[in-house]
Amino acid sequence: MADRIVSAVKSFFPDPDPAHTLPAAEPEIDHGTLFTAKDPPANKKLNALMPHVRFRTSSGDKIYFKDNGDPQAHYDILKWYFLKTGNKKSIKVGSFDGSESDGKLFVNDSANLWGPYFSEFAHSRCSEPCKPGFRKAKVEGAPSCCYTCVLCADGEMSNITDAQSCMKCSKYEKSNTGRNGCILRDINYLSYEDHLGFTLSSISVILSVTCAVILGIFIKYRETPIVRANNRYLSCLLLISLMLCFLCTLLFIGRPTQICCLFQQVTFGVVFTISVSSLLAKTLTVIIAFNATKPGSKLKKYVGTQLAIILVIVCSLVDIVISAVWLASNPPFPEADTLSDPDYIILLCNEGSVTFFFCIIGYIGTLALLSFTAAFLAKDFPDRFNEAKNITFSMLGFCSVWGAFVPAYLSSKGSRMVAVEIFAILSSSAGLLGCIFIPKCYIIFLRPELNTKDPIVRKFKT
């Protein structure tokens, strides 16, 4: 081949100079360079002409040289076997031809490239690539190229291979199952379609209808001794307020709106204040009535309905003032809770000011404790129609429910907070209704002989 190269180059010299002819011996050629800088000037001319040399060998391979004298890139891809006997064996499985500008790589697909020792190509890396949905984590004590793949956390995603870190989804989105994308989070709130919301709303309606029926009974039997004994007007007012207590829970169910959030706590506070203050007024009426019968008592002028009505109005006005200041300074508003549940956006009403909310709860609790104390002191008065015992039990249940409500409410999140408050309202109101009015209805319908004026006073037992 060297002779053919020399003969092809000589064809470019019309008058060769004998002083600069090639030496008889074949020159030594370095890899990638045809001649060195120490060659005579004629060889420099030869180097300049080398890029124009092109011919084919007997095997059909193209022979040419680049501008800097480098031969064309043409490589065979061989698979080597290192046999147990110490011998080596090679098989051609492809080639690379760099004669074209972009180069061509040929691999024989029918050849067993990786057998017999491997079923697939061997990776020249320490760890497998991390798929989308995972991130790389460094392995302590291992080289920097070695890592482990860690699944992205909830609310994070990665959509590329070998991600260095996971990206957080927006607060209104969550990561999908594969952690390689973000999807919108579902909206959740205590609705009428839910089993819990439907159950609570049904109980509320049933209890409010029960209150309305008992109110009708008291109006029908308003002239009987058992209805007149403890101020029938306060009894009717208490029944109306209890009916509103049951119905106000419907404001807590459904998609929260600005109007519903404003009226939820305010309505609850006002109607419960009326209910508890009515019980306090009924208890004070019993105490004043029994003590006014003593000779020389100055309490005779307070006997009647006027003091009771004034007490209810004053107690209710205090709650109305607290609610008005609450609404004027920091009113409740609808809020989207994105932190309690990673899969849902929970819609609820933010109280605005937790201080005012617990002021309302504390004020109602104070009235309940006063009513409980007064009823407990009057429970042994010798009157068949004395309902102080009933009020004592009702206030005991009321205080127990709302005492358990505070820690349960503070430890709940999302729609469960709403359900806890609704349950407290329904259970405490049902306790008042059952302890105070069910015994009276029992006497009216099942023991009418007790609903008479003869005798209405019992002697103290010694």
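The structure presented is a predicted model; accordingly, all values stated were derived computationally and were not measured.

Peer 1: What is the right way to read helix H3 (residues 195–220) from this model?
Peer 2: Structural remark: α-helix, 3.6 residues per turn; residues separated by three or four positions point the same way. Over its 26 residues, H3 runs 38 Å from end to end, which matches the ideal 38 Å to within 8%, given 1.5 Å per residue. In this structure, the buried residues of H3 make contact with helix H4 (225–228), helix H5 (232–248), helix H10 (415–436) and helix H11 (438–445).

Peer 1: Just checking my understanding: could you explain the packing of aromatic side chains for this structure?
Peer 2: The geometry of an aromatic ring pair is captured by the separation of the ring centres together with the interplanar angle, meaning the angle of the planes. Overall, the coordinates contain 14 aromatic pairs when judged by the stated rule. With a centroid separation of 6.4 Å and 20 degrees between ring planes, the pair formed by Tyr75 and Phe96 is classed as stacked. Of this pair, Tyr75 sits in strand E3 (residues 74–82) while Phe96 sits in strand E4 (residues 88–97), and the two are 21 residues apart along the sequence. Judged by relative accessible area, which is 30%, Phe96 ranks as partly exposed. Note on Phe218 and Phe437: the rings are 5.4 Å apart at their centroids and 75 degrees apart in plane angle, and the pair reads as edge-to-face. With a gap of 219 residues between them, Phe218 in helix H3 and Phe437 in the loop between H10 and H11 connect regions that are remote in the sequence. For the pair shown, Phe218 and Phe437 are each scored as buried. Each residue in the set Phe268, Phe272, Phe357, Phe358, Phe398, Trp402, Phe405 and Tyr409 is aromatic and connected to the rest through ring pairs, giving one cluster.

Peer 1: Explanation requested: the pairing of E3 in the structure shown.
Peer 2: Successive side chains on a regular strand alternate, one facing one side of the sheet and the next facing the other. Both E3 and E4 contribute to a ladder of nine bridges, which runs antiparallel. Considered in E4, the bridge of Tyr81 is made with Lys89. The turn joining E3 and E4, which pair antiparallel and follow one another in sequence, is formed by five residues; a positive phi near 100 degrees is taken by Gly86.

Peer 1: What is the right way to read the pattern of salt bridges from this model?
Peer 2: Pairs can form between side chains of opposite charge once their charged atoms are near each other. Considering all chains together, one arrives at five salt bridges under this definition. Between Asp154 and Arg179 there is a salt bridge; the shortest N-O distance is 2.5 Å. On the criterion of sequence distance, the pair formed by Asp154 in the loop between strand E7 (147–151) and strand E8 (156–157) and Arg179 in the loop between strand E10 (173–175) and strand E11 (182–184) is long-range, its members being 25 residues apart. For Asp154, a relative accessible area of 55% puts it in the exposed group. The exposure class assigned to Arg179 is buried, which follows from its relative accessible area of 15%. Arg228 is paired through a salt bridge with Glu223; the nearest N and O atoms lie 3.8 Å apart. Accessibility expressed as a relative area gives 51% for Glu223, which makes it exposed. Ionic contacts of the salt-bridge type, sharing partners, join the residues Glu223, Arg228 and Arg232 into one network.

Peer 1: How do you make sense of the sheet that holds strand E12 (residues 186–188) when you look at a structure like this?
Peer 2: Paired through their backbone hydrogen bonds, the strands of a sheet run either parallel or antiparallel. In space, the three strands of this open sheet follow the order E12-E14-E13, with mixed pairing throughout. On the outer flanks of this sheet lie E12 and strand E13 (333–337), each paired with one strand and no other. Along the sheet, successive strands turn relative to each other by an average axial angle of 30 degrees, direction set aside. Note that E13 and strand E14 (residues 344–350) share five bridges and pair antiparallel. Looking across to E14, one finds that Ala336 is bridged to Leu347.

Peer 1: Looking at this structure, I do not really get the sheet that holds E4. What am I missing?
Peer 2: If you walk across this open sheet you meet the three strands as E3-E4-E5, and the pairing is antiparallel. Of all strands in the sheet, those with a lone pairing partner are E3 and strand E5 (104–107), marking the two edges. Ignoring strand direction, the axes of neighbouring strands in this sheet form an average angle of 30 degrees.

Peer 1: I keep staring at the environment of Thr148 and nothing clicks. Help me out?
Peer 2: Relative to the helices and strands, Thr148 is located in strand E7. For the pair Thr148 and Cys126, spaced 22 residues apart in the sequence, the C-alpha separation amounts to 10.0 Å. Look past the residues within four positions of Thr148 in its chain and what remains in contact with it is Cys130, Arg135, Lys136, Ala137 and Val139.

Peer 1: Looking at this structure, how should I read the UniProt feature "transmembrane region" (unreviewed entry) in the protein?
Peer 2: Within this numbering scheme, the UniProt entry marks residues 196–221, 233–254, 266–290, 302–328, 354–378, 390–410 and 422–445 as carrying the feature "transmembrane region" (unreviewed entry). A helix fraction of 100% and a strand fraction of 0% characterise residues 266–290, whose end C-alpha atoms lie 36 Å from each other. As a span, residues 354–378 carries 96% helix and 0% strand, and end to end its C-alpha atoms are 36 Å apart.

Peer 1: Just to check I follow, could you spell out the nonpolar core for this structure?
Peer 2: In globular proteins that are soluble, nonpolar side chains generally tend to be buried together. Core analysis: the largest hydrophobic core is formed by 54 residues, its most contacted members being Phe268, Phe272, Phe398, Trp402, Ile422, Leu433 and Phe437. Of all the elements, H10 adds the most residues to this core, at 10 residues. Residues within four places of Phe268 in sequence aside, it is in contact with Cys248, Phe263, Ile361, Ile364, Trp402, Glu421 and Ile425.

Peer 1: Teacher, can you tell me more about unusual backbone geometry here?
Peer 2: A negative phi holds for most residues other than glycine; trans holds for most peptide bonds. Not every positive phi belongs to a glycine, and Asp162 is a case in point at roughly 55 degrees. By the element assignment, Asp162 lies in the loop between E8 and strand E9 (167–168). A positive phi angle is found at Arg179, which is not glycine, with a value near 60 degrees.

Peer 1: Even after reading the chapter, I still don't get the confidence of the model for the protein, so can you show me in this structure?
Peer 2: In low-pLDDT segments, the atomic positions of the prediction should not be examined closely. In the predicted model, the protein carries a mean pLDDT of 79, and 77% of its residues have values of at least 70. Predicted confidence is poor over residues 8–37, with pLDDT under 50, and the contacts of this stretch with residues over four places away or in other chains come to 28 contacts. Note on residues 455–462: pLDDT is under 50 here. Beyond four places in sequence and across chains, it has 10 contacts.

Peer 1: So what exactly am I meant to see when it comes to the state of the cysteines here?
Peer 2: Defined simply, a disulfide is a covalent bond joining two cysteines at their sulfur atoms. One pass over the full model with this rule turns up four disulfides. A sulfur-sulfur separation of 2.0 Å characterises the disulfide bridge that pairs Cys130 with Cys149. Linking Cys130 and Cys149, the disulfide has an S-S dihedral of approximately -95 degrees and is accordingly described as left-handed. One end of the pair, Cys130, is in the loop between E5 and strand E6 (134–138); the other, Cys149, is in strand E7, and 19 residues separate them in sequence. Judged by relative accessible area, which is 30%, Cys149 ranks as partly exposed. Sulfur-sulfur distance for the disulfide between Cys169 and Cys182 comes to 1.9 Å. Between Cys169 and Cys182, the S-S dihedral sits near -80 degrees, and the bridge is therefore left-handed. Placement of Cys169 in the loop between E9 and E10 and of Cys182 in strand E11 is noted, with a sequence separation of 13 residues between them.

What counts as what
Residues numbered from 1 in each chain as written. Predicted model: local features only at pLDDT ≥ 70, side-chain atom pairs only at ≥ 80, totals over all residues. Heavy atoms only, no water. Helix = DSSP H or I, 4+ residues; strand = E, 2+ residues; numbered from the N terminus. Expected span 1.5 Å × (residues − 1). Contact = heavy atoms within 4.5 Å. Phe/Tyr/Trp six-rings, centres within 6.5 Å; stacked < 30°, edge-to-face > 60°. Buried < 20%, exposed > 50% of the residue type's maximum accessible area, 1.4 Å probe, protein only. Pairing = 2+ DSSP bridges. Salt bridge = Lys/Arg side-chain N within 4 Å of Asp/Glu carboxyl O. Axes fitted to C-alpha atoms, helices over the stretch in contact; angles between N-to-C directions. UniProt positions renumbered as here; feature names shortened; annotations may be inferred. Core = buried A, V, L, I, M, F, W, Y, C linked by side-chain atoms within 4.5 Å. pLDDT = per-residue confidence, 0-100. Disulfide = S-S within 2.5 Å.

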